[in-house]
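The residues making up each chain are set out below.
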Amino acid sequence: MDPENDAYGQLLRDHVDGEAGREILERDDGLVSVAPPPDRYFAEREEWSPREQTAIERAEGRVLDVGCGAGRVGRALDTEVVGIDVSPGAVAVSRERGVDAREVDVTETTQLAGEFDTVVMFGNTFGLVGTRERAPRVLDALAQVTTDDARILADTRDPHATDDAVHREYHNLNRRRGRLPGALRVRSRYETTATPWFDLLTVSPDELREVLAPSPWDLREVVASDERGSYVAELRKS
């Protein structure tokens, strides 16, 4: 990502400096929302959501943290962790906090040396598969850099677990466009900086199985979930 578009990285830097405001999330149907405070990107393990605290117990061996942000996963584990993020600001903050972070897109993980035993995709970062069409490319890249018995701990959200009419209409718009209902087209804004538009996918467990079907991965188990529809799934190679 070009540093001049790195709204997320600027947010993290300002938080470290004690000057952070709030991130704004914009969706392509015109919906604009204020994100929760950035403290969550810096949370210690005991402050994580219950579903993440449950799921992280399954992380073992050498770990790849996808969308590492401020490096909270790398700081929480007593094992080798490599974090990747497309935000140069996030990578810089992670490194300052003692995490081995690289500016690498999830589709380009094959450039990383060595194999990983666990892939962690927390903070809804399973959504970085992007779209139903892009997902096999991402999942194949992760398969190439992991061991035969590796697992992915994939955090996502069931988009159907809502009664909000605005969200349900967006799901219908996606169906008309030939997209999965929970396919989001979004961008992040912070002060005068905005990221490029990008795709973020949310899926129910059944839709997750559909997305995984062309890939080397299967849904092994829903490890933990909450009443808002968010859940962590464990994926294993077919």
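Whatever comes next refers back to the structure up there.
In short, a report on the structure. These numbers were taken from a predicted model, which means no experiment stands behind them.

Within the structure shown, the criterion is met by two aromatic pairs. Ring centres of Tyr-8 and Tyr-41 lie 5.0 Å apart, and the angle between their planes is 85 degrees; on these two criteria the pair is classed as edge-to-face. You can see Tyr-8 sitting in helix H1 (residues 7-16) and its partner Tyr-41 sitting in the loop between strand E2 (32-34) and helix H2 (50-55), a full 33 residues away along the chain. Relative to Phe-122, the ring of Trp-48 has its centre 6.0 Å away and its plane inclined at 90 degrees; by these criteria the two rings are edge-to-face. Residue Trp-48 is located in the loop between E2 and H2, and its partner Phe-122 is located in the loop between strand E6 (116-121) and helix H5 (135-144); the two are separated by 74 residues in the primary sequence. Each member of the pair, Trp-48 as well as Phe-122, is classed as buried. Stacked on the ring of Tyr-170, the Lys or Arg Arg-27 has its end atom at 4.0 Å from the ring centre. The ring of Phe-116 carries the charged tip of Arg-62 above its face, separated from the ring centre by 4.1 Å.

Our next topic: the pattern of salt bridges. Summed over all chains, the structure comprises 27 salt bridges. A salt bridge links Arg-58 to Glu-234, with the shortest nitrogen-to-oxygen separation between them at 2.7 Å. Here Arg-58 is found in the loop between H2 and strand E3 (63-66), whereas its partner Glu-234 is found in strand E12 (residues 230-237), with 176 residues between them in sequence. Since its relative accessible area comes to 24%, Arg-58 is described here as partly exposed. Looking at Glu-234, the relative accessible area reads 3%, which means it is buried. A network of salt bridges, in which partner residues are shared, links Arg-58, Glu-60, Arg-151, Glu-221, Glu-234 and Arg-236.

For the rest of this paragraph, the subject is the sheet that holds E6. Strand order across the open sheet formed by seven strands is E5-E4-E3-E6-E7-E12-E11, with mixed pairing between neighbours. The sheet is open, and its two edges are formed by strand E5 (100-103) and strand E11 (217-225), each paired on a single side. Each neighbouring strand pair of the sheet contributes to a mean axis angle of 20 degrees, computed without reference to strand direction. The pairing of E3 with strand E4 (residues 81-85) spans four bridges and is classified as parallel. The residue bridging Val-66 from the neighbouring strand is Ile-84, located in E4. Together, E3, E6, strand E7 (146-157), E11 and E12 form the strand contacts of H5, whose direction differs from that of E7 by roughly 140 degrees. Contacting E11 and E12, helix H7 (residues 205-212) runs over the sheet at an angle of about 155 degrees to E11.

Time to look at H5. Looking only at H5, the buried set comprises Ala-135, Val-138, Leu-139, Ala-141, Leu-142 and Ala-143. Here the buried face of H5 lies against E3, E6, E7, H7, E11 and E12.

Moving on, we come to the nonpolar core. Counting residues in hydrophobic clusters, the biggest one holds 33 residues, and the most contacted among them are Leu-64, Phe-126, Leu-142, Ile-152, Leu-208, Trp-217 and Leu-235. Of all the secondary structure elements, the ones that give two or more residues to this core are E3, E4, E6, H5, E7, H7, E11 and E12. With near-sequence residues (within four places) excluded, Leu-142 lies in contact with Leu-64, Val-66, Val-106, Thr-109, Val-119, Met-121, Ile-152 and Trp-217. The next biggest cluster of nonpolar side chains, apart from the first, holds 16 residues, and it includes Val-63, Val-73, Ala-76 and Leu-153.

A few words on H7. Within H7, burial applies to Glu-207, Leu-208, Val-211 and Leu-212. Burial along H7 is one-sided: seen end-on, the buried residues are contained in an arc of 140 degrees.

About the criteria used
Residues numbered from 1 in each chain as written. Predicted model: local features only at pLDDT ≥ 70, side-chain atom pairs only at ≥ 80, totals over all residues. Heavy atoms only, no water. Phe/Tyr/Trp six-rings, centres within 6.5 Å; stacked < 30°, edge-to-face > 60°. Helix = DSSP H or I, 4+ residues; strand = E, 2+ residues; numbered from the N terminus. Buried < 20%, exposed > 50% of the residue type's maximum accessible area, 1.4 Å probe, protein only. Lys NZ or Arg CZ within 6 Å of the ring centre and 35° of its normal. Salt bridge = Lys/Arg side-chain N within 4 Å of Asp/Glu carboxyl O. Pairing = 2+ DSSP bridges. Axes fitted to C-alpha atoms, helices over the stretch in contact; angles between N-to-C directions. Contact = heavy atoms within 4.5 Å. Core = buried A, V, L, I, M, F, W, Y, C linked by side-chain atoms within 4.5 Å. Arc of directions from axis to C-beta.

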